[in-house]
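Here is what each chain is made of, one letter per residue.
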Amino acid sequence: MILQFPTPYPDELLYSVIARFHLRSGNQFWKHTLEDLFGKRTNTASAFLPSGIQALVECLPKNTTIYEKTLIEKHTMFPFYTAFLPEEKANSIYKAMLSDDGKAIYMQAGIMASSIVQNKHFKYCSACFKEDLHQYGELYWHREHQLPGKLVCLKHGIWLEDSDVSINHSNKHSYILPTSNNCDFMKASSVDGNVLKQYKPFLSQAKALLNGGFKYISFSYLTDFYRKQSIEAGFSTLNGRVYQKRLLNAFQQYYSDDFLQNINVGLESTELWLASITRKHRKSFHPYHHFLLLNFLGLSVNDVFRETSLEVEPFGKPKWPCLNIVCPNYKKDVIQEVSIRSCERTKQPIGKFSCKHCEFAYTRKGQDRNEEDRFRYTRIMNFGFLWKKELSALLEEKLSYREIARRLYVDPNTVIKYANADVGETKTTELSSENKVGSVEEHRQVWSQMQQDNPTLSKTELRKLKPGTYAFLYRNDKEWLNYNSPKFRKSKNENKRVDWEKRDQEILDKVKKATREIKQKNGKPKRITVKSIADLIGERALLEQHLDNMPRTRAFIDDAWESEKEFRLRRVQYVIQEMSEAEETIIKWKVLRRAGIRSEFYSDLKGINLF
């Protein structure tokens, strides 16, 4: 047991705390310090996700207020790298950090396989160091400064600088503190205001993760979350099919190339990871990928971990305003429900809103982008009784159609249409009682005689012979007409319509089987596309022409479909496996040549840990 251990400073890496202990202990050799802290001399100086923390805490004084949970969550990069992992994997990493065996920690966290390269040296902010020296009398490594890439200090608006201290030091058992010898305090490069604007939301996301406190979420939740957000942002259909080209173009316009390169997100790999993260999640993604997509969608990490409904709401949450100018509730949120369908041509959502107070109904096409969109409509479906009543009153005042249109917020042609409809309806009812009685009897005789002369004709066919007689009886003697007309004859035509729900399930089973066969096929890999699947099950015309009628099959194919980049990656993986089984030496150029990867596509494989 040691008698004294330094109290960690705010946002200090545990690596830095141990380095300060070594300095104060008076130990000449690192192996003595490691034995004091961990009970063994072989502990590796890991900067971000160290192991042996349980042994360390057991060696601290009895009355210490430093616990395993505090060290892991506040003084390592654990909350940053595990926030988007499933709970089981995060717990496994946590236990490994407690134990003496930390060999698999970086692999489990996805750091080893990530395309985002780690820094080679510890980073620092010269302004922060001066403040630390003034406040604490010594320097320490800040957690926030060690995130990958060329970053900035938001507090002081200057670039972080590289120290001379390697993160992977030649002596893997040594912990090195920042000093004036390995850090240049005079370096302070200011950051342009526009550049700082791009960094601010990004680094705020990272800080939120480092502060921790989030509940773990599953891959399926992330799939549903991004599906909801992409639909509401207009980058997916209501069925969840992503417009990948539209998404990529908008994403590349939102972020500058310099910014993406500075944070080590390769421009060549953006299309690949962006397409994958908006589909079904089968693997973890680097937190940077989540930050970039969330900021692009106008969201934060708090939105991901907040327990909210994942139901798609392209028009926001209830309630919605009535847009009838003559309704007492005009522009007040009184509409509680909206029915949503997808436009057959554009696939955009169409919402129908109906006010119960005045029966005014309107539709709106496309997602709401801002608060003003709540007060627009695409089409009026029903003006309602209040609007029509107001129209009649204005007509009685002998106002011009243009003036009435101005007061009712409609087009003059709309006023003319409804005004003429009311006049025509009035005229048809202006029959005198005497003429009506005489005419009824005459038309009854005509209708009865028609049936005697044409006993095989239906009611509809008789109507075509004497449309005037039928119209008169329908308006003035409907009950007699219905009773004295041929009975309705049911058509004996067979219903030959396709049961698409049943067909969807049948084809889905075949598609799943075909996809498995393509993936498990021996020999040269075959790309998974609609054509390759359709050819295998013998239903090419059905899948190419009627896939929209089979939503489950379409969703499965969208998920299983491989882009050209994904297929190139699978070919490379296949060749590597084939060479490994044959115990051949795996050389990069041989793999690429055997996989048939042309030189112009080498950049697609940059940063992917295959060799």
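The structure contained in this document is the topic of the report that follows. (Residues numbered from 1 in each chain as written. Predicted model: local features only at pLDDT ≥ 70, side-chain atom pairs only at ≥ 80, totals over all residues. Heavy atoms only, no water.)

With respect to the packing of aromatic side chains
Here is the rule: Each Phe, Tyr or Trp ring (for Trp, its six-membered ring) is paired with any other whose centre lies within 6.5 Å, and the angle between the two planes then decides the class: stacked below 30 degrees, edge-to-face above 60, tilted in between. Partly exposed describes any residue whose relative accessible area lies between the buried limit of under 20% and the exposed limit of over 50%, with all areas from a 1.4 Å probe on protein chains only and scaled to the type maximum. A ring has a charge above it when a Lys NZ or an Arg CZ is no more than 6 Å from the ring centre and no more than 35 degrees off the ring normal.
This structure, assessed with the given rule, holds 43 aromatic pairs. Both rings, one in Phe-360 and one in Tyr-362, keep their centres 6.2 Å apart while their planes meet at 45 degrees; by these two values the pair is tilted. Comparing Phe-360 with Tyr-362 shows no difference in burial state: the two are buried. Its end group placed over the ring of Trp-159, Lys-150 keeps NZ or CZ at 4.7 Å from the ring centre. Over the aromatic face of Tyr-243 sits the side chain of Arg-246, whose NZ or CZ is 4.1 Å from the ring centroid.

Side note on the pattern of salt bridges
Quick note on the threshold: By definition, a salt bridge exists where a carboxyl oxygen of Asp or Glu is found within 4 Å of a side-chain nitrogen of Lys or Arg. Every helix listed is a DSSP run of H or I at least four residues long, and every strand listed is a run of E at least two residues long, numbered separately from the N terminus.
Considering all chains together, one arrives at 26 salt bridges under this definition. Of the charged contacts, one joins Arg-376 and Asp-373 as a salt bridge, the two residues approaching to 3.4 Å between their closest N and O atoms. The salt bridge partner of Arg-594 is Glu-584, with a shortest N-O separation of 3.2 Å. With a gap of ten residues between them, Arg-594 in helix H28 (residues 588–594) and Glu-584 in the loop between helix H27 (564–581) and H28 connect regions that are remote in the sequence. Each of the salt bridges in this network shares a partner with another, and the network as a whole consists of Glu-12, Arg-20, Arg-24 and Glu-138.

Let's talk about a negative patch on the surface
Note the threshold: Like-charged residues within 9 Å of one another, or nonpolar side chains (Val, Leu, Ile, Met, Phe, Trp, Tyr) within 5 Å, are grouped into patches, provided each residue has over 30% relative accessible area and no salt bridge. Per-residue and other accessible areas were derived by the Shrake-Rupley procedure at a 1.4 Å probe size, with only the shown protein chains allowed to occlude residues. Under the convention used here, Asp and Glu are negative, Lys and Arg are positive, and both His and the chain ends fall outside the count. A charged residue contributes its charge at one atom only: NZ of Lys, CZ of Arg, CG of Asp or CD of Glu.
On the surface, Asp-499, Glu-501, Glu-506 and Asp-509 cluster together to form a negatively charged patch. Tracing the backbone through its elements, the reader meets Glu-501 in helix H23 (residues 500–520).

What to know about helix H1 (residues 14–25)
Threshold: The span expected for a helix works out to 1.5 Å for each residue beyond the first. Two residues qualify as a contact provided that any one of their heavy atoms is within 4.5 Å of a heavy atom in the partner residue.
With twelve residues, H1 should cover 16 Å at 1.5 Å per step; its first-to-last C-alpha distance of 16 Å lies within 8% of that length. Among the twelve residues that make up H1, nine are buried, leaving the element largely enclosed by the rest of the structure. By the burial criterion, the buried members of H1 are Leu-14, Tyr-15, Ser-16, Val-17, Ile-18, Ala-19, Arg-20, Phe-21 and His-22. Tucked into the core, H1 has its buried residues touching helix H2 (30–38), helix H3 (53–58), helix H4 (68–75), strand S1 (121–124) and strand S4 (161–166). One or two residues past the end of H1 sits Gly-26, with phi positive at roughly 80 degrees.

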